[in-house]
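Now for the letters of each chain:
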Amino acid sequence: MENSEDGKRYIIWFLWKQNKSGSEILYEMEKVYGSRCPGKLMVYKWIDRFNDGHSTVDDNPRPGRPKTCSNQENNKIISNILDKDRRVTLRQLEEELGMSKSILDKILTEQLGMSRVLSRWVPKLLSESQRIERVRVCRQLLRISKKEPRFFDRLVTGDETWLHFYEPKTSLQTSQWKRRHESTPIRPRAVASAGKRMATVFWDTKGIIIIDWLPNKVTINTEYYVQVLKKLREAIKSKRRGKLSSHVLLQHDNAPAHTSRRTLDEIQHLGFELLPHPPYSPDLAPSDYWLFSEMKRPLRGKRFSDFEHLRSAVNSWFQGTPEKSFTTGINKLPSKWKKCIEVKGEFIENYEQ
């Protein structure tokens with residue numbers, strides 16, 4: 001009997017009575033049956049039945065067409081399976097439960113309200129302490145911005161980004177309409193060029209204040225970044241009259257060159273007030289969630305023969321972008337802080353580099 005379906009169910013029941021977990025039961029079953037072992041879904045289905053008080057290894061009597069009805073028991077079994085493994089496929093459910101794909105699809109979508117989605121990409125899987133820190137800093141920034149009526153007028157934000165001499169268009173940029181009888185357009189796979197330059201950009205609600213291009217064969221370190229901050233102060237002095245006297249609020253991320261003791265001392269010496277920024281938070285940095293993606297969009301798909309042509313294209317974009325766009329980009333901050341608090345520190349959206 002042990003090779004029959006009833007025999008396998010008895011073994012599941014016996015191991016369940018010994019308070020073994022589902023994974024332990026499945027492991028023991030695989031040792032006994034090898035390739036003839038019941039599937040994971042079937043094992044968990046019977047564990048769920050035993051947990052619900054099912055006292056025999058017999059199937060419930062099912063008048064009519066039992067495997068084509070989305071009754072309450074089927075809904076519960078499928079729901080329990082999905083709770084244990086959200087990546088299970090329709091084919092696996094079909095094989096284990098003996099239901100057709102059309103019936104399973106109806107149960108999943110209409111009865112259980114489920115839909116299959118792609119995982120959302122995030123820069124990093126955050127730990128609990130990192131999520132807590134993100135919430136804490138967002139609350140702090142909301143308090144500061146509410147107490148200071150000129151908060152966003154005083155704010156200067158900045159970051160670094162790579163700009164390639166050629167960067168392919170995104171899938172969305174290359175999408176196009178087609179008629180039903182037409183074949184799907186194709187395009188060759190393209191990759192970004194090896195040639196690239198790094199730019200450090202500082203800006204505010206009025207537009208770009210300074211863009212500093214990293215020389216070839218130079219890395220961003222503390223000494224380099226301190227020199228950029230000095231240039232920033234001079235640029236503010238010449239382009240934003242009165243901003244220095246109102247005490248600039250500086251916002252940047254936690255890159256090593258930004259957080260070294262030498263950099264922090266220089267920030268204080270320059271008369272800037274440094275705003276807190278949680279680690280691993282590009283979704284809360286205006287340059288990452290708005291500026292760089294907007295700046296690179298019109299550059300994608302274009303080939304620049306040298307650095308001068310690339311720099312000219314970037315400068316043209318800056319000059320042609322209206323002030324209200326920069327204002328809108330920075331004024332999104334409060335809503336992003338609130339959203340981060342609402343989702344308990346999780347990442348709030350994707351962003352382009």
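Residues numbered from 1 in each chain as written. Predicted model: local features only at pLDDT ≥ 70, side-chain atom pairs only at ≥ 80, totals over all residues. Heavy atoms only, no water.

Notes on the packing of helix α13 (residues 286-296) against helix α15 (residues 323-331)
Geometrically, a packed helix pair is captured by the angle between its two axes and the distance between the axes.
Then step 1. Interhelical geometry of α13 versus α15 gives an angle of 155° and a closest axis separation of 9 Å. The orientation of α13 with respect to α15, classified from their angle, is roughly antiparallel. Seen along the crossing, α13 lies across α15 with a hand that is right-handed. Along the contact surface, α13 presents P286, Y289, W290 and L291, while α15 presents S325, F326, G329 and I330. (Axes fitted to C-alpha atoms, helices over the stretch in contact; angles between N-to-C directions. Helix = DSSP H or I, 4+ residues; strand = E, 2+ residues; numbered from the N terminus. Parallel < 35°, antiparallel > 145°, perpendicular 65-115°, else oblique. Left-handed = near helix turned anticlockwise from the far one by under 90°. Contact = heavy atoms within 4.5 Å.)

Some thoughts on the nonpolar core
General note: in soluble globular proteins, nonpolar side chains tend to be found buried as a group.
Then step 1. Counting 35 residues, the largest nonpolar core has L163, V201, W203, L291, V314, F318 and W337 as the members making the most contacts within it.
Then step 2. Those residues in contact with L291 that lie beyond four places of it in its chain are V201, W203, I208, P286, W317, F318 and F326.
Then step 3. Counting residues in each nonpolar core, the second largest holds 19 residues, with Y224, V228, V248 and F272 among its members. (Core = buried A, V, L, I, M, F, W, Y, C linked by side-chain atoms within 4.5 Å. Buried < 20%, exposed > 50% of the residue type's maximum accessible area, 1.4 Å probe, protein only.)

Here we look at the pattern of salt bridges
Then step 1. Counted according to the given criterion, the structure contains 17 salt bridges.
Then step 2. D283 serves as the salt-bridge partner of R134, at 2.8 Å between the closest nitrogen and oxygen. You can see R134 sitting in helix α7 (residues 128-147) and its partner D283 sitting in the loop between β5 (273-274) and α13, a full 149 residues away along the chain.
Then step 3. Under the relative-accessibility criterion, R134 is labelled buried at 0%. (Salt bridge = Lys/Arg side-chain N within 4 Å of Asp/Glu carboxyl O.)

Structural notes on α13
Then step 1. Counting buried residues in α13 gives 10 out of 11 residues, a clear majority hidden from the surface.
Then step 2. Every buried residue belonging to α13 is among P286, S287, D288, Y289, W290, L291, F292, S293, M295 and K296, and all of these are buried.

Describing a nonpolar patch on the surface
Then step 1. Taken together, the side chains of Y10, W13 and F14 make up a nonpolar region of the molecular surface, amounting to roughly 310 Å² of accessible area.
Then step 2. Within the fold, F14 resides in helix α1 (residues 5-17).
Then step 3. Exposure remark for F14: the relative accessible area of 46% places this residue in the partly exposed category. (Patch = residues over 30% accessible without salt bridge, like charges linked within 9 Å, V, L, I, M, F, W, Y side chains within 5 Å. Areas by Shrake-Rupley, 256 points an atom, 1.4 Å probe, with all protein chains shown as cover.)

Comments concerning the pairing of strand β2 (residues 196-204)
Then step 1. Counting buried positions over the nine residues of β2 gives eight, a clear majority of the element.
Then step 2. In this structure, strand β1 (residues 155-164) lies alongside β2, joined through eight bridges in antiparallel fashion. Each bridged residue has a counterpart across the sheet, and for T161 the counterpart in β2 is A199.
Then step 3. Across six bridges, the pairing between β2 and strand β3 (residues 207-213) is antiparallel. By the bridge assignment for β3, F202 is matched with I210. (Pairing = 2+ DSSP bridges.)

Remarks on the sheet that holds β5
Then step 1. Strands sit in the order β3-β2-β1-β4-β5 across an open sheet of five strands; the sheet is mixed. Two strands lie at the open edges of the sheet, namely β3 and β5, each paired on one side alone.
Then step 2. Across three bridges, β1 lies against strand β4 (residues 249-251) in parallel orientation. Of the residues in β4, the one forming a bridge with L155 is L249.
Then step 3. Taken strand by strand, α13 contacts β1, β2, β3 and β4, and its axis lies near 45° from that of β1.
Then step 4. With respect to the sheet, α15 is in contact with β1, β2 and β3, its orientation differing from that of β2 by roughly 85°.

Quick word on the side chain of T200
Then step 1. Here T200 shows up in strand β2.
Then step 2. Residue class for T200 comes out buried when judged on its relative accessible area of 2%.

Structural notes on the confidence of the model for the protein
Then step 1. Of all residues in the protein, 92% attain a pLDDT of 70 or more, and the chain-wide mean is 86.
Then step 2. Predicted confidence is poor over residues 62-70, with pLDDT under 50, and the contacts of this stretch with residues over four places away or in other chains come to 13 contacts. (pLDDT = per-residue confidence, 0-100.)

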